Amino acid sequence: MYTNSSSDYSSQTPPVDQSIPGRAYALCSPVLHHLYGWVKMPSMAMKAAKHQGLPDQPDRAGMRERRKQSEMTLTELQRSRGIQPPENPHTQILDAYGHRQLAELAFSIPRLTLRALNAIGDTMTFRIGPPGADAAPVGRSDKSSGSVKLSTADFIKKYSNDFDIWLSPSAKNAADMKGMIIAMFEHHYDPEVAYPIKKVMLSFRRTRGDRFFMEGGDVRLMLEREQRYLMESGDCRLLELDSPIFARASAKMDELLKICRNCVEYIQQYVHESKGDLTAYNLYTYDNFIRKWSDEVPPAAMPGMKRLLSEFRLTVNLMLKQKKIDDPLREADMEAGIRAGLTESALNYMVIGADHLHPMRIRLQDLRIIVMVPKLMVSKDPSLSLNHEPKQEL
């Protein structure tokens, strides 16, 4: 059976010079990427004021990143609204009466307003142009809200620059995209990975009957993804809602995050320069922070630092062992949720963490499924490559 985590770390750890906390921590840090996407995907992108002893300075880097992610090009806006490009007989009329210039104001529409317009666009159309002019109706076009007419070949061509793509045998032979599963695998906290996935998700259409499935059982995650992808309430379906396996993994992650916060607060107590350097509250940012600053703790405070890092390493090792047991159970739950909830008349979108890539590809290979992994992830981790058929990975 394929396992998507490293072998028992505790059996591989070489002797460590405990007098150097940063070096000792660095030996544990490489295995943390196996836990980054386990649970607790929602995280604060900006710091709250005076929570848990952390500084309340504005997170300018996080604010810039969120602004970048929320911005849409005019092409993306048109696609999200189902508007056809303005290559039509009314182009000159639009220019003459300034309506094309008015369309550029869409760049300044706040995200919540845009979501409201999306909802309105599902039920009504409107005309543009001067009174009496027979201008083209604008709204979600029949192509975007009706049947699935995009061919599999066209879909692959559209996204092949950003993704490694694999098709199941039945997907290769499908006449159209109707009933297709579009399965995207991500690193949950990486904004560079989030961008190409968002571009794919902007093609989601509730009016067409599309469905969206997401790993996890945390309602905060559901709300976060609906906002990110400009969806309506209820469009996201959690695959592990009320799952006891997910709840157990979530409790373990809470324990690890508490230890991480203790390490961060200890470092900030003794290293003034580190204050304000934490951009979000998740394992990825905690790990980067501790690796960066733990060596800067003054010698008098090193004994306390070593105790915290020792507790951290022990918890990580125990979690990796438990992860080997929990992951197959979680993947079985996700498989059952997808099979029970998919639609045969529209598109099925799915976003899951990269740790589950190969096992889920094996579990779902009998269905019409397109598996997609951002090329950026594959370039950093070749083990995520889709070059081989799943049977060769068993």
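Fair warning: this is a prediction, and the values are worked out from it, not measured in the lab. (Residues numbered from 1 in each chain as written. Predicted model: local features only at pLDDT ≥ 70, side-chain atom pairs only at ≥ 80, totals over all residues. Heavy atoms only, no water.)

1. A word on the sheet that holds strand 3 (residues 163-167)
- Taken in spatial order, the six strands line up as 3-8-4-7-5-6 in an open sheet, and their pairing is mixed. With partners counted over all chains shown, the strands left at the sheet margins are strand 3 and strand 6 (236-238), one partner each. Averaged over all pairs of adjacent strands, the angle between their axes in this sheet comes to 25°, without regard to strand direction.
- As paired elements, strand 5 (residues 211-214) and strand 7 (residues 348-353) share four bridges and run parallel to each other. Residue R211 lies in a different strand from strand 7, and its bridge partner there is N348.
- In the packing of helix 9 (residues 152-159) onto the sheet, contacts are made with strand 3, strand 4 (181-186) and strand 8 (369-374), and the angle to strand 3 comes to roughly 160°. (Pairing = 2+ DSSP bridges. Helix = DSSP H or I, 4+ residues; strand = E, 2+ residues; numbered from the N terminus. Axes fitted to C-alpha atoms, helices over the stretch in contact; angles between N-to-C directions. Contact = heavy atoms within 4.5 Å.)

2. Brief notes about unusual backbone geometry
- The phi dihedral of L230 falls on the positive side, at around 60°, and the residue is not glycine.
- If you trace the backbone, L230 turns up in the loop between helix 12 (219-228) and strand 6.
- For L230, a relative accessible area of 9% corresponds to the buried category.
- Although it is not a glycine, D242 adopts a positive phi angle of roughly 65°.
- Residue position: D242 is located in the loop between strand 6 and helix 13 (244-270). (Buried < 20%, exposed > 50% of the residue type's maximum accessible area, 1.4 Å probe, protein only.)

3. Considerations on the confidence of the model for the chain
- Per-residue confidence for the chain gives a mean pLDDT of 76; residues scoring 70 or more make up 61%.
- Segment residues 44-56: pLDDT under 50, and 35 contacts once partners within four positions in sequence are set aside and those in other chains are kept.
- Low pLDDT (under 50) marks residues 117-146, which in the prediction has 51 contacts with non-local residues, meaning those over four places away or in another chain. (pLDDT = per-residue confidence, 0-100.)

4. A look at the side chain of E186
- For E186, the location among the structural elements is in strand 4.
- A polar side-chain atom of E186 sits 2.6 Å from a polar atom in the side chain of H188.
- Excluding residues within four positions of it along the chain, E186 makes contact with V193, I197, M214, R225, V351, I352, G353, A354 and M377. (Polar contact = N/O pair within 3.5 Å; in protein donor to acceptor, adjacent residues only side chain to side chain.)

5. Structural notes on the pairing of strand 8
- Among the six residues of strand 8, six are classified as buried, and the element is accordingly described as predominantly covered.
- Residues of strand 8 alternate between two faces, with I369, V371 and V373 on one and I370, M372 and P374 on the opposite face, all of them buried.
- Sheet topology note: the strand 3/strand 8 ladder contains five bridges and is antiparallel. Each bridged residue has a counterpart across the sheet, and for F163 the counterpart in strand 8 is P374.
- As defined by bridge partners, strand 4 adjoins strand 8 across four bridges and the pair is classed as parallel. When the sheet's bridge partners are listed, A183 is paired in strand 8 with V371.

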